[in-house]
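Residue-level listing of the chains:
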Amino acid sequence: MKIVRVSATPLNLPVTVPMANGTKSTSLSVCIVQIETDTGLVGTGMTAITEEEVIGSIVNDIAAHHLVGLDPMRHEQIWERLYWLLTPRGQSGYASHAIAAIDLALWDIKGQALGEPCWRLLGGARAEVPVYATFGFAFFDRDELAAAAKDWVARGFTRLKMTVGHHALQRRDEPRPLDQVIAEDVQRIRAVREAVGPDVQLYIDANCSLDYFHALWLAQRVEACDISFFEEPVSQNDIPNLVKLRGKTRIPLAAGQNEGLASRFRDMLVAQAVDVVQPNACISGGFTQCGRIAGMAAAFNTRFANGGAWPHHNMHLHAGLANGSLVEYHSVAVQCCELVFDDLPKPERGVLRLPDTPGLGFQPNPERLAELARRPGSRGAGKA
């Protein structure tokens, strides 16, 4: 079996979030990669939280020319070739996104060729995975946030995540003082905890938008709210600052959803900077590299979970590996996937059941994909 065609389709997808007094419309970017073989099998991968136009160009104009003629079953060989093609001097950035999308498409082909779902090929540790719902966004006011939290609990979710920080460093010249941002975050977190009660697990995520001082200030003031982990609290996942912060708060720290190099996770683990490492199969080099990172986490007895959304891909990783755990059911990202793919499983009582269908178990709808591809690109505004 040989690869005969590789193509990327950049998409800027419209999504709508329900609110108590209406809806909020936004968009999120993804890039779909499809690999066709001479046997007729087609594998599909994707990446996101990046510039979809750039990833499309990397795949179509560079990577595709180096993949045609290769055996798609040899994912290690192809991953290594892509690494030296796209990141030969330690770069990460866009390259890891492109590699991830290609790698997922290869695993989709492998599953179809062998008649097995990807989670079984990855190890088959379990047939279902627990999910946490990311629901709490910056555009909700306090009352809307509390109402949304109660709604998700009523739908059977006992693990919830909300954002904090709200791009505070990026927007500090508006002016928008960081101390005011996190003072409001304290009140928002308390409102959600009061709304859902003590038995719901609550996670917070700053998306690398705070400095050490303000991340510590926030963490110390919400410890009483029983936070299950504080995700990406500091800018750049700065390891010395994560180490300092972890030593001064009882809240577990998590990071890694957008990291592209396995060595970054090694450095976090060696420094004991986090309690949870969060590689994302759609961003951190696909199943091939995320499996290596999961192995490092196991060796360091550190929890391995999914951050950065895209549950329908990451569920295979966490069902396949023995130390797999939580998968993020990000409400906006799920809407994006529902626009593109058919046959996506839905969680029941906070659990996603893995499909028995070979490969990833779902495929893009060709007509909808073609229609969505005609929409204008995000021009950098699709990372929501």
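See the structure printed just above.
Residues numbered from 1 in each chain as written. Predicted model: local features only at pLDDT ≥ 70, side-chain atom pairs only at ≥ 80, totals over all residues. Heavy atoms only, no water.

A.B. asks: Just checking my understanding: could you explain the pairing of strand 2 (residues 22–37) for this structure?
C.D. replies: Every regular strand shows the same layout, with side chains that alternate between the two sheet faces. Of the strand pairs in this sheet, strand 1 (residues 3–19) and strand 2 are connected by 16 bridges, and their pairing is antiparallel. Pairing of Met-19 across the sheet is with Gly-22, part of strand 2. A loop of two residues connects strand 1 with strand 2, the two strands running antiparallel in sequence. Alignment of strand 2 against strand 3 (residues 42–48), held across seven bridges, turns out to be antiparallel. Note that in strand 3 the partner of Val-33 across the bridge is Gly-45. The antiparallel pairing of strand 2 with strand 3 creates a hairpin that spans four residues between the two strands, and Gly-40 there sits at a positive phi of about 95°. (Pairing = 2+ DSSP bridges. Helix = DSSP H or I, 4+ residues; strand = E, 2+ residues; numbered from the N terminus.)

A.B. asks: Hey, could you run me through the nonpolar core in this one?
C.D. replies: Note on soluble globular proteins: their nonpolar side chains tend to be buried together. Counting residues in each nonpolar core, the largest one holds 96 residues, and the members touching the most others are Leu-160, Ile-189, Phe-230 and Trp-310. Contacts of Ile-189, omitting those with residues within four sequence positions, involve Met-162, Val-164, Leu-202, Ile-204, Leu-218, Val-222, Cys-225 and Ile-227. (Core = buried A, V, L, I, M, F, W, Y, C linked by side-chain atoms within 4.5 Å. Buried < 20%, exposed > 50% of the residue type's maximum accessible area, 1.4 Å probe, protein only. Contact = heavy atoms within 4.5 Å.)

A.B. asks: Can you help me understand the packing of helix 10 (residues 286–299) against helix 11 (residues 311–320) in this one?
C.D. replies: In a pair of packed helices, the angle between the axes and the distance between the axes together describe the arrangement. Two elements in contact, helix 10 and helix 11, have axes whose closest approach is 11 Å; the angle formed by their N-to-C orientations is 45°. Overall, the two elements helix 10 and helix 11 adopt an arrangement that is oblique. When the axes of helix 10 and helix 11 are compared, the crossing they make is right-handed. Across from Phe-287, Cys-290 and Gly-291 in helix 10, the residues of helix 11 making contact are His-313, His-316 and Leu-317. Of the residues in the contact of helix 10 with helix 11, the class split is three nonpolar, three polar and no charged. (Axes fitted to C-alpha atoms, helices over the stretch in contact; angles between N-to-C directions. Parallel < 35°, antiparallel > 145°, perpendicular 65-115°, else oblique. Left-handed = near helix turned anticlockwise from the far one by under 90°. Nonpolar A, V, L, I, M, F, W, Y, C, P; charged D, E, K, R; others polar.)

A.B. asks: Help me understand unusual backbone geometry, please; the structure alone is not making it clear to me.
C.D. replies: Among all residues except glycine, the phi angle is most often negative; among peptide bonds, the trans geometry is most common. The residue after Glu-174, namely Pro-175, is reached through a cis peptide bond having omega 0°. Residue placement: Pro-175 occurs in the loop between strand 5 (159–163) and helix 6 (178–196). The phi torsion at Asn-237 lies on the positive side, around 45°, for a residue other than glycine. Mapped onto the secondary structure, Asn-237 falls in the loop between strand 7 (227–231) and helix 8 (239–246). The phi angle at Asp-343 is positive, at roughly 65°, despite the residue not being glycine. Tracing the sequence through the fold places Asp-343 in the loop between strand 12 (341–342) and strand 13 (351–353).

A.B. asks: Help me out: how do you make sense of the side chain of Thr-47 in this one?
C.D. replies: Along the polypeptide, Thr-47 turns up in strand 3. For Thr-47, a relative accessible area of 0% translates into the label buried. Within the local environment of Thr-47, its side chain forms a polar contact with the backbone oxygen of Cys-282, the two atoms lying 2.6 Å apart. Setting aside residues up to four positions removed in sequence, Thr-47 forms contacts with Val-30, Cys-31, Ile-55, His-97, Ala-101, Cys-282 and Ile-283. (Polar contact = N/O pair within 3.5 Å; in protein donor to acceptor, adjacent residues only side chain to side chain.)

A.B. asks: I tried to follow the pairing of strand 6 (residues 201–205) on my own but got confused; where do I start?
C.D. replies: Of all the five residues making up strand 6, four are buried; the element is thus mostly covered by neighbouring parts of the structure. The parallel pair strand 5 and strand 6 is bridged by helix 6, and the resulting crossover is right-handed. Here strand 6 pairs with strand 7 via three bridges, running parallel. Directly across from Ile-204, in strand 7, lies its bridge partner Phe-230. Assessed by its sense of winding, the connection that carries the chain from strand 6 through helix 7 (residues 212–222) to strand 7 is right-handed. (Right-handed = clockwise from strand over helix to strand, strands pointing away.)

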